[in-house]
Structure formats: C-alpha cells, structure tokens
Amino acid sequence: GRGELLQLLREEGIDARGVDADADMVAFARGEGLVVEQADLLAHLEGLDDASLGGVFAGQVVEHLPPPALLRFLELGHAKLRAGGVLVLETINPLSPLALRHYFADLTHSQPLVPQTLELLVRETGFRDPETRYLNAPERPDGVDPRVADILFAPLDYAIVART
C-alpha cells in the first residue's frame, strides 16, 4: 500500500519495512522515504530467517490470496515470527453488505473470509490467542430497528490479532 503503517511506526521509532508486489505502491512509499521492497509476499517470507521478525501486518492482503497461498502465508508468518511475535491481518468484513459491494468491485479478490474462518486458520497454523477486532463501523441512521441495523451497518473491516 501507500505505507501509512510504516510511517506511523517510523514516527514511534520502530524499525519496520514493507513488501508490496505493486510497483506504483512501492514507488509511492519509497518517495515518502520508507523502506519498501517490491516482491512476492511468499517468496519474500521464504527468504527470511526463521524467528527473525517481531511482527507481521497484512492490511487488505489475505482476501487476495487463494486458499493454498493463504495457508502458506500463515505457515510462513508463524515460522518467521520470534516467540511472542504478533500477527495482524486486516481484511474486508463479508458480514457487512456495504463492504461486500466494494469487495466484489475488485476483481483481484480471491474469496471473502468470514472472521470465524480466518480466526480458525490462524489458530490451526500455530498462532495462539487470536482476537477478532471489528473496524470502521458506518453511521447508523435513526429509526432503524437495531437488529436490522446490526446486519445492514456492520463494521466494514475486521482484524485478527494473534501471537506466536
């Protein structure tokens, strides 16, 4: 992406680097003075030493990975994180009708990931204590039955946070 997280981490004095397959996004982030490599995600992770990372963040990435690549990414993430390392996966919430409109507009998406499914995959690849955090709830109009509003105006995104 554009490197917003890398920028925030740099401001906090945290050493971080990014990986993106998109040359335009890499050029933009580098233009902001960020350390970003243009590479395939799986190939990049495979080239790293085991237990060499403190954290892995994938923002709006996992929904682009077909199931075998998603599983490989989680396995590699677990192997490359040191003990106590943190994994954060942010993705579109397919339980939100509003989010699904944007999901299906992007032809590069592989499949929507229901939060419970992604949490199960994270747990099954060795991560512990996965927690689902819902993000970006749209405004709810007045006068809508709360049960209906919970469905129609569900948060647009969610993140799974887990540790090795």
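For the structure, check the block above.
Residues numbered from 1 in each chain as written. Predicted model: local features only at pLDDT ≥ 70, side-chain atom pairs only at ≥ 80, totals over all residues. Heavy atoms only, no water.

Draft legend 1. Highlighting the overall build of the protein chain. Helix and strand content of the protein chain: seven helices and six strands. The C-alpha radius of gyration computed for the protein chain amounts to 17 Å, which stays within 12% of the reference 15 Å derived for 164 residues, consistent with globular compactness. Counting only C-alpha atoms, the protein chain reaches 55 × 35 × 30 Å along its principal axes. In the protein chain, once contacts between residues fewer than 6 apart in sequence are set aside, the share between residues at least 24 apart is 68%. Split by element, the accessible area of the protein chain, about 9500 Å² in all, is 55% carbon and sulfur. Charged side chains of the protein chain number 14 positive and 26 negative; the gap between the two group centres comes to 4 Å. (Helix = DSSP H or I, 4+ residues; strand = E, 2+ residues; numbered from the N terminus. Rg over C-alpha atoms; globule rule 2.2 N^0.38 Å. Contact = heavy atoms within 4.5 Å. Areas by Shrake-Rupley, 256 points an atom, 1.4 Å probe, with all protein chains shown as cover. Lys, Arg positive; Asp, Glu negative; His and termini not counted. Charge placed at Lys NZ, Arg CZ, Asp CG, Glu CD.)

Draft legend 2. Geometry of a nonpolar patch on the surface. Judged by side-chain polarity, Leu5, Leu8 and Phe57 come together as a nonpolar surface patch covering roughly 270 Å² of accessible area. On the secondary structure map, leucine 8 appears in helix H1 (residues 4-11). (Patch = residues over 30% accessible without salt bridge, like charges linked within 9 Å, V, L, I, M, F, W, Y side chains within 5 Å. Salt bridge = Lys/Arg side-chain N within 4 Å of Asp/Glu carboxyl O.)

Draft legend 3. Highlighting the pairing of strand E3 (residues 53-59). Of the strand pairs in this sheet, E3 and strand E4 (residues 81-92) are connected by six bridges, and their pairing is parallel. Its bridge partner lying in E4, valine 56 is registered against leucine 87. Between the parallel pair E3 and E4, the chain is carried across by helix H4 (residues 67-80), and the sense of this crossover is right-handed. (Pairing = 2+ DSSP bridges. Right-handed = clockwise from strand over helix to strand, strands pointing away.)

Draft legend 4. Main features of the pairing of strand E6 (residues 157-163). Counting buried residues along E6, six of its seven residues qualify, which places the element largely inside the surrounding structure. Pairing analysis gives six bridges linking strand E5 (residues 128-135) to E6, with the strands arranged antiparallel. Across the sheet, residue glutamate 131 finds its bridge partner in E6, namely valine 161. (Buried < 20%, exposed > 50% of the residue type's maximum accessible area, 1.4 Å probe, protein only.)

Draft legend 5. Looking closely at the sheet that holds E4. Pairing is mixed across the open sheet formed by four strands, whose spatial order is E3-E4-E6-E5. Either end of the sheet is taken by a strand with one partner, and the two such strands are E3 and E5. Strand-to-strand twist in this sheet, taken as the mean axis angle between neighbours without regard to direction, amounts to 10°. Set on the sheet, helix H6 (residues 115-124) makes contact with E4, E5 and E6; between it and E6 the angle comes to about 15°. (Axes fitted to C-alpha atoms, helices over the stretch in contact; angles between N-to-C directions.)

Draft legend 6. Quick look at the side chain of threonine 125. Within the element layout of this structure, threonine 125 appears in the loop between H6 and E5. Classification of threonine 125 by relative accessible area gives buried; the value is 16%. Among the polar contacts listed, one links the side chain of threonine 125 to the backbone oxygen of leucine 121, at a separation of 3.0 Å. A distance of 3.0 Å separates the side chain of threonine 125 from the backbone oxygen of valine 122, its partner in a polar contact. (Polar contact = N/O pair within 3.5 Å; in protein donor to acceptor, adjacent residues only side chain to side chain.)

Draft legend 7. View of unusual backbone geometry. One non-glycine residue, alanine 51, lies in positive phi territory at about 55°. Relative to the assigned elements, alanine 51 resides in the loop between helix H3 (41-46) and E3. Positive phi values are uncommon outside glycine, yet glutamine 60 reaches one of about 55°. Residue position: glutamine 60 is located in the loop between E3 and H4. Classification of glutamine 60 as partly exposed rests on a relative accessible area of 27%.

Draft legend 8. Representation of the pattern of salt bridges. Enumeration according to the criterion identifies nine salt bridges in this entry. Of the charged contacts, one joins arginine 72 and glutamate 75 as a salt bridge, the two residues approaching to 3.8 Å between their closest N and O atoms. A residue pair is termed a helical-turn pair when its members lie 3 or 4 positions apart in one helix, as arginine 72 and glutamate 75 do in helix H4 at three residues. Residue classification places glutamate 75 among the partly exposed residues on the basis of a relative accessible area of 40%. Linked by salt bridges that have partners in common, Glu46, Arg72 and Glu75 make up one network.

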